[in-house]
Amino acid sequence: MCGIVGYVGSKPALNVVVEGLARLEYRGYDSAGVAVLTDGALMTAKRAGKLVNLRNALDEEPAPEGTVGMGHTRWATHGPPTDRNAHPHVDCTGRIAVVHNGIIENFAALRAELTERGHRLDSDTDTEVVAHLLEEELRDGAGGLAEAVRRVCRRLEGAFTLVVVNADDPDVVVGARRNSPLVVGVGEGENFLASDVAAFIAHTRDAIELGQDQVVELRRDKVTITDFQGRPAEVREYHVDWDVTAAEKGGYDSFMLKEIAEQPRAVADTLLGRIGTDGRLTLDEMRISDEQLREIDKIIIVACGTAYHAGLIAKYAIEHWAGLPCEVELASEFRYRDPILTRTTLVIAISQSGETMDTLMAVRHAREQRARVLGVCNVNGSTLPRECDGVLYTHAGPEVGVAATKTFLTQLVAVYLIALYLAQVRGTKWGDEVFAMVQLLATMPEKVERVLETMEPVRELARSLADERCVLFLGRHVGYPVALEGALKLKELAYMHAEGFAAGELKHGPIALIEEGLPVVVVVPPRARAVLHDKIVSNIQEIRARGARTIVIAEDGDDSVVPFSDTLIRVPAVPTLLQPLVATVPLQVFSCELARAKGHDVDQPRNLAKSVTVE
Ligand code: F6R
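Below is a summary of the structure that appears in this document. (Residues numbered from 1 in each chain as written. Predicted model: local features only at pLDDT ≥ 70, side-chain atom pairs only at ≥ 80, totals over all residues. Heavy atoms only, no water.)

### A look at the pairing of strand β18 (residues 372–377)
Right, on to step 1. Most of β18 is tucked away, with six of its six residues classed as buried.
Right, on to step 2. On β18, burial covers both faces: Arg372, Leu374 and Val376 on one face and Val373, Gly375 and Cys377 on the other are all buried.
Right, on to step 3. Here six bridges tie strand β17 (residues 345–351) to β18, and the two strands are oriented parallel to one another. Within the sheet, the bridge partner assigned to Ala349 lies in β18 and is Gly375.
Right, on to step 4. On the question of chirality, the crossover connecting β17 to the parallel β18 by way of helix α11 (residues 357–368) is right-handed.
Right, on to step 5. Both β18 and strand β19 (residues 390–393) contribute to a ladder of four bridges, which runs parallel. In the sheet register, Cys377 faces β19, and the bridge partner there is Tyr393. (Buried < 20%, exposed > 50% of the residue type's maximum accessible area, 1.4 Å probe, protein only. Helix = DSSP H or I, 4+ residues; strand = E, 2+ residues; numbered from the N terminus. Pairing = 2+ DSSP bridges. Right-handed = clockwise from strand over helix to strand, strands pointing away.)

### Concerning α11
Right, on to step 1. Relative to the 16 Å expected for 12 residues at 1.5 Å per residue, α11 spans 16 Å between its end C-alpha atoms, a close match to the ideal helical length.
Right, on to step 2. For α11, the tally of buried residues reaches nine of 12 residues, placing the bulk of the element in the interior.
Right, on to step 3. Among all positions of α11, only Met357, Asp358, Thr359, Leu360, Met361, Ala362, Val363, His365 and Ala366 are buried.
Right, on to step 4. Buried residues in α11 make contact with β7 (158–166), β15 (298–303), α10 (331–334), β17, β18 and α12 (383–387).
Right, on to step 5. Just downstream of α11 lies Arg370, where phi reads positive at about 75°. (Expected span 1.5 Å × (residues − 1). Contact = heavy atoms within 4.5 Å.)

### So, the packing of aromatic side chains
Right, on to step 1. Inspection of the entire model under this criterion finds four aromatic pairs.
Right, on to step 2. Between Phe160 and Phe228, the ring centres sit 6.0 Å apart and the planes meet at 20°, which makes this aromatic pair stacked. Of the two residues, Phe160 is situated in strand β7 and Phe228 in the loop between β13 (222–227) and β14 (236–239); the sequence distance between them amounts to 68 residues. Each of the two residues, Phe160 as well as Phe228, counts as buried.
Right, on to step 3. A centroid spacing of 5.8 Å and a plane angle of 35° characterise the contact between Phe192 and Phe200, whose relative ring orientation is tilted.
Right, on to step 4. Classification of Phe192 by relative accessible area gives buried; the value is 2%.
Right, on to step 5. Through pairs of rings, three or more aromatic residues link up here, namely Tyr7, Phe192 and Phe200.
Right, on to step 6. The positively charged end of Arg236 is found above the aromatic ring belonging to Tyr238, 4.8 Å away from the centroid.
Right, on to step 7. Taking NZ or CZ as reference, Arg606 lies 4.0 Å from the ring centre of Tyr495, over its face. (Phe/Tyr/Trp six-rings, centres within 6.5 Å; stacked < 30°, edge-to-face > 60°. Lys NZ or Arg CZ within 6 Å of the ring centre and 35° of its normal.)

### Points about the site of the ligand
Right, on to step 1. As a structural note, the neighbourhood of the ligand is formed by 14 residues, with Ser351, Gln352, Ser353, Thr356 and Glu492 the closest of them.
Right, on to step 2. The contact in question runs from an oxygen atom of the ligand to an N or O atom on the backbone of Thr306, over 3.1 Å.
Right, on to step 3. The contact in question runs from an oxygen atom of the ligand to an N or O atom on the side chain of Ser353, over 2.6 Å.
Right, on to step 4. Contact with the protein chains removes 89% of the 410 Å² of surface that the ligand exposes when unbound.
Right, on to step 5. Those elements that provide at least two residues to the shell around the ligand are α9 (305–322) and α17 (479–494).
Right, on to step 6. Across the shell around the ligand, the residue classes break down as six nonpolar, six polar and two charged.
Right, on to step 7. Three or more residues apiece are contributed to the shell around the ligand by two domains, here domain 2 (255–442) and domain 3 (452–597). (Near = heavy atom within 4 Å. Polar contact = N/O pair within 3.5 Å; in protein donor to acceptor, adjacent residues only side chain to side chain. Areas by Shrake-Rupley, 256 points an atom, 1.4 Å probe, with all protein chains shown as cover. Nonpolar A, V, L, I, M, F, W, Y, C, P; charged D, E, K, R; others polar. Domains from an automatic or database assignment.)

### Some points on unusual backbone geometry
Right, on to step 1. In this structure, Pro88 follows His87 across a cis peptide bond, with omega equal to 5°.
Right, on to step 2. Inspection of the secondary structure puts Pro88 in the loop between β4 (68–74) and β5 (89–90).
Right, on to step 3. With a phi close to 60°, Asp213 is a non-glycine residue in the positive phi region.
Right, on to step 4. With respect to the helices and strands, the residue Asp213 is situated in the loop between β11 (206–209) and β12 (214–219).
Right, on to step 5. You can call Asp213 partly exposed: its relative accessible area is 23%.
Right, on to step 6. For His477, which is not glycine, the phi dihedral falls at a positive 55°.
Right, on to step 7. Positionally, His477 belongs in the loop between β20 (470–475) and α17.

### Considering the nonpolar core
Right, on to step 1. Ranked by size, the top nonpolar core spans 93 residues in total, and within it Ile299, Ile318, Trp321 and Phe473 carry the most contacts.
Right, on to step 2. At 15 residues, helix α13 (residues 406–426) tops the list of elements feeding residues into this core.
Right, on to step 3. Viewed by domain, this core spans two of them, domain 2 (255–442) and domain 3 (452–597), each represented by three or more residues.
Right, on to step 4. For Phe473, the residues in contact, after removing those within four places along its chain, are Ala483, Gly486, Ala487, Leu490, Ala498, Glu499, Gly500, Phe501, Val521, Leu587 and Phe590.
Right, on to step 5. In this structure, Leu21, Val183, Ala247 and Phe255 belong to the second largest nonpolar core, which totals 34 residues. (Core = buried A, V, L, I, M, F, W, Y, C linked by side-chain atoms within 4.5 Å.)

So this is what it looks like as structure tokens:
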């Protein structure tokens, strides 16, 4: 949700900033803009649309030589995605420029005040008020750009991560963080600011995570971090454990294709180091003691979108293995009801980015009610882990494609590990039962690889359905969230109407949707769950009798579905609870290929952004 880059060093800032924006474009692609300080002057350029429009505009002008600058890629909140509303925004003097990620909730009142005092605001954005407030602070002798930013931040409400430059202070870039992410990259004689380390990973892997309500002053050879009052702040330095190749397409046509292909490795990495030689699980970063886990009497999972689907699957695993009641709630709904939370409730917040505002607000609500909170997160240095009692990282590596793929599979592995760990600690399963399941989990990378090797017929099928208007997805038990995930992928990538249903619910209404030729994807549970399996085979016959075109995902060797399948997609036989790891992959490939056949950009689907930092 908006990407921000700042740079102070000795290289031409424009190149560093535009290259950084290219790596952050997944955060928003409604417009892009840059500001560079050269010889005491401020140059800005901005264009609506994807970064390529800005690059083309920049190519038409001589490049500024300045070595201090910043840039922004926008996901529009206030004001349509036009050139005028693109960031950076400048003050009345045209010497102060601001880029912003978030929503300034009191901007209307501030705008009215500023207009009253004679400022001219040119855009419809909430951001522009910051440039004019800074203008006033600096005119009144605030004592440097960082101090002016601190003063302005104290007046702002909402979510505002800002980066600011001032032509009168030409060796400095100042950033401020509340809610949306901002990371410092520490180089040799150069320093960086960005929403995500991917923006500067080609230059340095040494990073500093900014905390909530902190201001950073960046100079070539110095980084100074304070709170909004100007007091020195505590920060966390860390080394990024992946390199620039992980943030590139590596020969694939899209990041999504690359990330789908990376899933076997990602699943293996999430398991790595967590299974002891004695077969016992060790989840070191949990930071919630075994004693505390034994006290837990209820689990509530909060998450959004694909992560919510991982949560739905986690419920089956937690209830089955750990014998604990488990609710799953959309994070955006959680704090608006009256959830019953106590010190013995464990809230599990699942978020790839660790920046999803709905999830963060749910976490804050849970902690206010004294519940313990465990995060499942992919991005080191993001907000979620800081705000939780404990965290389990998914170690999927950077995911750039906007649609979640490898991070979904690794979220599943993480929640399976949590469920098994709870079973181990609470003694709801024997040690050898836990170990047997862990050993099965360890075979999943190879099983996912086998699915990937057999995907050509799925791609063919997807291309043949490119002109369809609607696809339905059915599943039962853990196959139901898989169906929801299949439908979500198709909606967001192919912009098609797609719905996932619990197959048993079909007869209660949705069956009215079935008409001649309608493609319906059905996820069939393993035969080992005979009751479930046989019921869904009946459901397939019911929809086929009404003309549906059945696309059936079933385990190897399940011949009972052959007579009722127009297309049969095979996946390796695995225990029911683990089946989502193999059954989801064909659905990812299906949506990706169908969207490509329609000519869509699968990495940057329309209207979306990878990390949703507004509520
Ligand atoms: C769908 C997708 C989104 C995210 C959701 C939560 O492909 O990516 O539905 O899953 O926005 O994001 P995180 O996991 O970052 O909290």
